Structure formats: C-alpha cells, structure tokens
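# An overview of the molecular structure
If you want the building blocks of each chain, they are given just below.
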Amino acid sequence: MSFGPEIRYSKWEMSAAIDEPDEKEVPQRQVSLRNTRQFYSAILSVAGLFIVVWGLILFPKYENPSILLLLLFFAIATQSTMTYLVGGNVSVSVSGAISFAVAGLYGPVAAGMAAAIAELGLWLLSLRLKNRDWYHELERLGVNSGIHGVSIFTAGVVFVFFRQVLGSGNFVLDAIPWFIGAIVGDQVNFWLLSIIIFLANGVKPKEVWRENRWAIPMNVLVMSIGGGLITLAVIQFGLLGLAIFVLPIILSAYSFRVTVNNAKKQMEKLEEMVTLRTQALADANHKLEALHKEKDSFLAVLTHDMRTPLTSIRGYGSILRDRELTRDQQTKIAKVILNSQDTLLEIVNNILELEKLQSGVPILLETSSFDLALLVKNTTESLETQALEKNITLNYDQIPSPIIVKADMSKIRRVILNLISNALKYTPESGLVSVKTEVNGRYAIFVVEDNGYGIPADELPTIFDRYSRVKGHRHLAIGTGLGLAIVKSLIEAHNGEISVQSEENVGSTFTFKLPIN
Ligand code: ADP
C-alpha cells in the first residue's frame, strides 16, 4: 500500500439524546456533554477558518502559486479517493501527504490551509442537498477542517523547526524533520479527533486508540515519505515533478478504494450467504425435530395399539388351554383371536406399505381393465360379518351395472376395504353404512357414507396425514392413523382424487374418483 490511513471524523453516531427535543427528559450529563461538544466544535471550526483565512492572506506572497493551486486541487482530489475502513472512523487517503508536502514548499500556514480546504472539497462532494440537517453538516465540516487544518499546521511548524535546527546536508538529516513532523501531526490529529468522538458518541479515547493504533505507523510513513518525495520532486522538476509523483499516487489510491469497496461488497454477500445457510440449517433442524416427534408418536401408537390385540390373543389362548369348553365357545374364542390377528396384520401391513410409499420409489401399478362396481360389491360383501357383529346395516348395490376402469385392482381393493372398514369402525352399534359406485362424466365415483362418530371440523383438514387420528376416537377403536394416508397415496398414484365430508356425531362421507380410460 503506497498511502496511509488517517483517522477522520466521518460518522455522526451521536446518542439519541443529543437530538431529543424535550430537554427535561435528557439526562443532565448528556446535556452538558452536548454543550461541551458544541463549544469544542465551534473552537475547531474557528481554528480551521482562521488557518484558511491566514493562508489566503499569505497567498500573494507565495512564489509559484500555480503549484500551490495544483497541490490544493490534488489534496481535494485525493480526499475523494478516500476509502473508509474499520467502522467508518479510519480512512485511507493520501491527502495528508499532499498537505504535508505543502509545508515543505510553502510553510505550515499554507499546509494547514490545504488540509482544511481539502476537507471543504470532500464535504461539498459528499453533500446531498435533500433532507439535510444543516446544523450537523456544518458542524461536521468545521470539525474536520479544524482537526486537519490544525494537525497539518502543527506538523508543518514542527517540520520547519527541525529543518532549521538540523539544517540540510545528508539524506538522514533531511528525512528527520519529515518523520518528526508526521508523528506530531498524526498525534494531534488523533487526540483532537478522540475528544470529539468522546463528546459526540461517548467512546473513550483509549478505545479509539486501541482500535485504530495499527493505522498510526502507516499514516506517519505516508505523510513523511509522501510529503518529502513530493517536495523533492517539485523542487527538482517543478510542475512536471508534481505530476510524476502525485498522479500515480492518486491512481493507486483510487484503485485501492475500488478494491476495498469490492471486498466490502463481497463480505456483505458472504454475510448474506451465511444468514441464508443459518436459516436453512434452522429449518432442517425444525424438520428433524418434527420427524423425531412423529417417530415418538408413532412408537406410542404402535405400542398402544398392538398391545390390545396381543393381550386379547394371549388371554383367550390361555382360556383355550386351561378350560374345558364347548365347541361353540371354542369357535367364538377362535374368532376373537383371528380378529385380533387381523388387526395386528393390518397394522403391520400398513406400516410396511407406508414404508414403501415413503421410500421415494414411485408406486408400481399393475393395471388391468376390471369392473369397479363388481369389485366394490365383492369387497363390501366380505365385510358383512364385521358389520353384523356391530349390528350395522351395510347397504350396497347387489346387482351393480358394470363400470370398467383401468387400474391396479389389488390396490383399489385395498382402498375400498380400508374406507369401508373405517366406516364400520367409527360407527356405533346399530348404525348405517351405505356404499355406492357411479359414473360421473369421465370419472368412476366411489362413495361410502356412515352415520357414525364423524370428524370434528378442526381435525378434518389433516385427516389424510400420517398418524393423524381423531383424538376422541382413540378409546373407541384401534388404529395407527396410517390407513387414510396410504389410501390417499394409492388414489393419487392412479391420477384420482379423494375427499371427505364429515360432521361430528352426524357421520362421514368418503368419496374417491378414478378416471375412466
Ligand atoms: P386408523 O383407522 O388406523 O386410526 P386411518 O388413517 O384409517 O387410521 O384413519 C385416521 C383417522 O380418521 C381415524 O383414527 C379416525 O379418527 C378418522 N376416521 C377415519 N374414517 C372415519 C370415519 N368413517 N368416520 C369417522 N372418523 C373416521
């Protein structure tokens, strides 16, 4: 880096209290800090103005004022290539070197004037005319020109003093005044700035020092070497020397600014990406949590629902073993045992089926043309005994007109079986279940209607979700909440649709439609 950072008062992050209109609510300490700040700003502004006026008064006395004008122009130009670094308080600019060079050529007053005018130039360039808070803007200008005017002026005075004391002879003697001047100028700059930062933002000078001290050596080097070289070049080559030395510096300052700004943009993009990734991770965690919950509730359902038929098989099994029973009693018990086994088998089948559906492998359909109406009749018939056990009237068309569909018959049978057994399961004794099949346009429609427990409106939207069971039904019938999820996947695999209408304690109607092709 061929130029150095310079701490600058660029940010107005004053505590809200400073702008608070109602003074009574502002703590006393902050009011007094604000007053002190305003007083301090005023002193700096007057100092800056004084140096500028003084410099202008001396203007006619300078020999070769065109070079001074050019240096002033360069000082302004370099200010606008300034790059803000850490927190906006440190900026990289070669303007300090140029102003300091003015000290070598025209003396401390001209140097201070150049620094203050460079601030004015920067201020004008950064000014947006709309919605301006003029008081603060002027204060910013006054403070910055004051700080830089005074610090470069002091650096110039120290430089001139040491040059006179040491005289010029060899390279080392020539360099020392530049270094000492730069160190003093940098420190004056730092302390004047720290005071205003403390008064405006309450940040202690120690903290500003800690954060920005890395910039000090660079600033000193750039001011001294830059200032010295520019002076040397002008003395040796006049205007040409100025151009040879300053232009590359300005260009490299500008390219540095572009690089830093690009890096900043890159950082912002990175931050954005990190935020997005964090969000995605949080989402994934949520999903994982939901999956864990699902797994837990599934295990709870399984243990509960498998235990009931298992207990009944075990109980009736020991009765068969231990007691003398009539043939009739034996048949009855065997029936209960077989029923319980059916229930267990259904649970296991459902789990296996769902496992298959979830594995992501598309459902394989073994399609054939068959009579859906006949399939419905036969399946319903097979459930008649189940209906009889609960004294439920099971209505269905005994001689249906054929409805030919092209589908996977065993899967559709599964769907029909599931829907009708649900209707029987969730309808109390002596209820009514009606099954019908019909054609509507290009669709075959299957409807099963019951006058059973029904489904509460708030649980209806999620009834086809896995493990979803109506809370009030858990003590009424055994189940896993998997049947309807499977039914839905199977119907959708056939490009069909399934729907439900239900009212609590009135009954439910499940309907599916399959395209006829
Ligand atoms: P399972 O019957 O094994 O619990 P399903 O997925 O087949 O699982 O059904 C999910 C839930 O939907 C059932 O637990 C029950 O609460 C409700 N349900 C299903 N069919 C009916 C129906 N015909 N009438 C009332 N509720 C029903």
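If you're wondering where the values come from, they're calculated on a predicted model, not measured in any experiment.

Scanning the chain from terminus to terminus reveals 15 helices and 10 strands. Across the 517 residues that make up the chain, the buried fraction comes to 43%. Element-wise, carbon and sulfur atoms account for 61% of the exposed surface of the chain, whose accessible area totals about 28,300 Å².

For the rest of this paragraph, the subject is the confidence of the model for the chain. For the chain, the mean per-residue pLDDT works out to 84, and 89% of the residues sit at or above 70. The model gives residues 1-23 a pLDDT under 50, and that stretch makes 82 contacts with residues more than four places away or in other chains.

Take the nonpolar core next. Core analysis: the largest hydrophobic core is formed by 44 residues, its most contacted members being Ile 412, Leu 419 and Phe 512. A total of seven residues in this core trace back to one element, the largest contributor, which is helix α14 (residues 409-425). In this view, Phe 512 contacts Ile 412, Val 415, Ile 416, Leu 419, Ala 444, Ile 445, Phe 446, Ile 491, Glu 497 and Ile 498; residues no more than four positions away in its chain are not counted. In this structure, Ala 103, Ala 111, Met 113 and Trp 178 belong to the second largest nonpolar core, which totals 36 residues.

Here the idea is simple: oppositely charged side chains can pair when their charged atoms come close. In the structure shown here, the tally under the stated rule is six salt bridges. In this structure, Arg 321 engages Asp 322 in a salt bridge whose closest nitrogen and oxygen atoms are separated by 2.8 Å. For the pair formed by Arg 321 and Asp 322, the shared burial category is exposed. Linking Lys 488 and Glu 492 is a salt bridge whose minimum nitrogen-to-oxygen distance equals 3.1 Å. You can see Lys 488 and its partner Glu 492 sitting in helix α15 (residues 483-493), four residues apart, about one turn around the helix. The exposure class assigned to Glu 492 is partly exposed, which follows from its relative accessible area of 42%.

The next point concerns the sheet that holds strand β10 (residues 507-515). Strand-to-strand pairing in sheets goes through backbone hydrogen bonds, with the strands running parallel or antiparallel. Spatial strand order, β5-β7-β8-β10-β9: five strands in an open sheet with mixed pairing. One side of each edge strand has no neighbouring strand; the edge strands of this open sheet are β5 (393-395) and β9 (497-503). This sheet shows a mean twist of 10° between the axes of neighbouring strands, independent of strand direction. Of the pairings in the sheet, the one linking β9 to β10 comprises seven bridges and is antiparallel in character. Within β10, the residue paired with Glu 497 across the bridge is Lys 513.

The end-to-end C-alpha distance of helix α6 (residues 134-166), which contains 33 residues, comes to 47 Å, matching closely the 48 Å that a straight helix rising 1.5 Å per residue would cover. Following α6 by one or two positions, Gly 167 has its phi on the positive side, about 70°.

Time to look at the packing of helix α4 (residues 95-106) against helix α5 (residues 108-126). Between α4 and α5, the least distance of the axes is 7 Å, while the angle of their chain directions is 155°. One finds that α4 runs roughly antiparallel with respect to α5. Here α4 and α5 pass one another in a crossing that is right-handed. For the pair α4 and α5, contact is made by Ser 95, Ser 99, Val 102, Ala 103 and Tyr 106 and by Pro 108, Ala 110, Ala 111, Ala 114, Ala 115 and Ala 118, respectively. Of the residues belonging to the contact of α4 with α5, the class tally is nine nonpolar, two polar and no charged.

Taken together, the neighbourhood of the ligand is formed by 20 residues, with Tyr 426, Arg 469, His 473, Thr 480 and Leu 484 sitting nearest. Lys 425 is positioned with one of its side-chain polar atoms (N or O) 3.1 Å from an oxygen atom of the ligand. Within the side chain of His 473, an N or O atom sits 2.7 Å from an oxygen atom of the ligand. Relative to its unbound accessible area of 530 Å², the ligand is 99% covered by the protein chains. In terms of residue count, α14 provides more of the shell around the ligand than any other element does, three residues in total. Residues belonging to the shell around the ligand are distributed by class as follows: eight nonpolar, nine polar and three charged.

The next point concerns the packing of aromatic side chains. Taken as a whole and assessed by the stated rule, the structure comprises 14 aromatic pairs. For the ring pair Trp 54 and Phe 153, a centre distance of 5.9 Å and an interplane angle of 50° mean the geometry is tilted. Of this pair, Trp 54 sits in helix α2 (residues 28-58) while Phe 153 is found in helix α6, placing the two residues 99 residues apart along the sequence. Using a relative accessible area of 23% as the deciding quantity, one classes Phe 153 as partly exposed.

Bringing a positive patch on the surface into the picture now. Together, Arg 29, Lys 204, Lys 206, Arg 210 and Arg 213 make up a region of like positive charge exposed at the surface. Tracing the backbone shows Arg 210 in helix α8 (residues 205-212).

The next subject is the environment of Leu 125. Of note, Leu 125 is situated in helix α5. Here Leu 125 falls in the exposed class, since its relative accessible area comes to 58%. The spatial distance from the C-alpha of Leu 125 to the C-alpha of Ile 76 is 9.6 Å, given a sequence separation of 49 residues.

Within the secondary structure layout, Gln 30 lies in helix α2. Distance in space between the C-alpha atoms of Gln 30 and Ala 200 is 9.4 Å, their sequence separation being 170 residues.

When you line up the elements, Asn 418 lands in helix α14. Of the residues examined, Asn 418 reaches a relative accessible area of 10% and is grouped as buried. Every residue in contact with Asn 418, bar those within four places of it in the chain, is listed here: Asn 350, Gly 483 and Val 487.

Where α4 meets helix α9 (residues 215-237), the axes come as close as 7 Å, and the angle between the chain directions of the two elements is 50°. Here α4 is positioned oblique relative to α9, judged by the angle of their axes. Classified by chirality, the crossing of α9 by α4 is right-handed. Contacts between α4 and α9 involve Gly 96, Ala 97, Ile 98, Phe 100, Ala 101, Gly 104 and Leu 105 from the first element and Val 222, Met 223, Ser 224, Gly 226, Gly 227, Ile 230, Thr 231, Val 234 and Ile 235 from the second. Looking at the contact of α4 with α9 residue by residue, the class counts come to 10 nonpolar, six polar and no charged.

Conventions used here
- Within each chain, residue numbers correspond to sequence positions counted from 1 in written order.
- With the structure being a predicted model, the display of local features is reserved for residues of pLDDT at least 70 and the display and counting of side-chain atom pairs for 80 or more, all residues being used for whole-chain, interface and lining totals.
- Each side-chain value is derived from all of the structure's non-hydrogen atoms; neither hydrogens nor water enter the calculation.
- Labels follow the DSSP assignment, with helices taken as runs of H or I lasting at least four residues and strands as runs of E lasting at least two, numbered in each case from the N terminus.
- The rule is simple: take the accessible area with a 1.4 Å probe, protein chains only, and divide by the maximum for that residue type; under 20% is buried, over 50% is exposed, in between is partly exposed.
- Only the protein chains shown count as cover for residues, with accessible areas throughout obtained via the Shrake-Rupley method and a probe of 1.4 Å.
- By definition, pLDDT measures how confident the predictor is in each residue, and it falls between 0 and 100.
- Here a residue-residue contact requires only that any non-hydrogen atoms of the pair lie within 4.5 Å.
- Grouping buried Ala, Val, Leu, Ile, Met, Phe, Trp, Tyr and Cys residues that are joined through side-chain atoms within 4.5 Å yields what is termed a nonpolar core.
- Salt bridges, as used here, are contacts in which a Lys or Arg side-chain nitrogen is within 4 Å of a carboxyl oxygen on Asp or Glu.
- Two strands are counted as paired when DSSP detects at least two bridges linking them.
- Lines fitted to C-alpha atoms define the axes, with helix axes restricted to the stretch in contact, and inter-axis angles between N-to-C directions lie between 0 and 180 degrees.
- Multiplying one less than the number of residues by 1.5 Å gives the expected span of a helix.
- Should an angle lie under 35 degrees it is considered roughly parallel, over 145 roughly antiparallel, and from 65 to 115 roughly perpendicular; all remaining angles are considered oblique.
- A crossing counts as left-handed when the near helix is turned anticlockwise from the far one by less than a right angle, and as right-handed when that turn is clockwise.
- Think of it as three bins: nonpolar holds Ala, Val, Leu, Ile, Met, Phe, Trp, Tyr, Cys and Pro, charged holds Asp, Glu, Lys and Arg, and polar takes everything else, Gly as well.
- Nearness here has a simple test: a residue counts as near a molecule or strand if at least one of its heavy atoms is within 4 Å of that partner.
- Two N or O atoms count as a polar contact when they lie within 3.5 Å, although within protein this holds only if one can serve as hydrogen donor and the other as acceptor, and sequence-adjacent residues are included solely when both atoms are side-chain atoms.
- Working definition: rings of Phe, Tyr and Trp (its six-membered ring) pair if their centres are within 6.5 Å, and the pair is stacked with planes under 30 degrees apart, edge-to-face with planes over 60 apart, and tilted otherwise.
- Two distance rules govern patches: like charges are joined within 9 Å, and nonpolar side chains (Val, Leu, Ile, Met, Phe, Trp, Tyr) within 5 Å, applied only to residues with over 30% relative accessible area and no salt bridge.
- Think of it this way: Lys and Arg go in the positive column, Asp and Glu in the negative one, and His and the chain ends go nowhere.
- The atoms used to mark charge sites are NZ of Lys, CZ of Arg, CG of Asp and CD of Glu.

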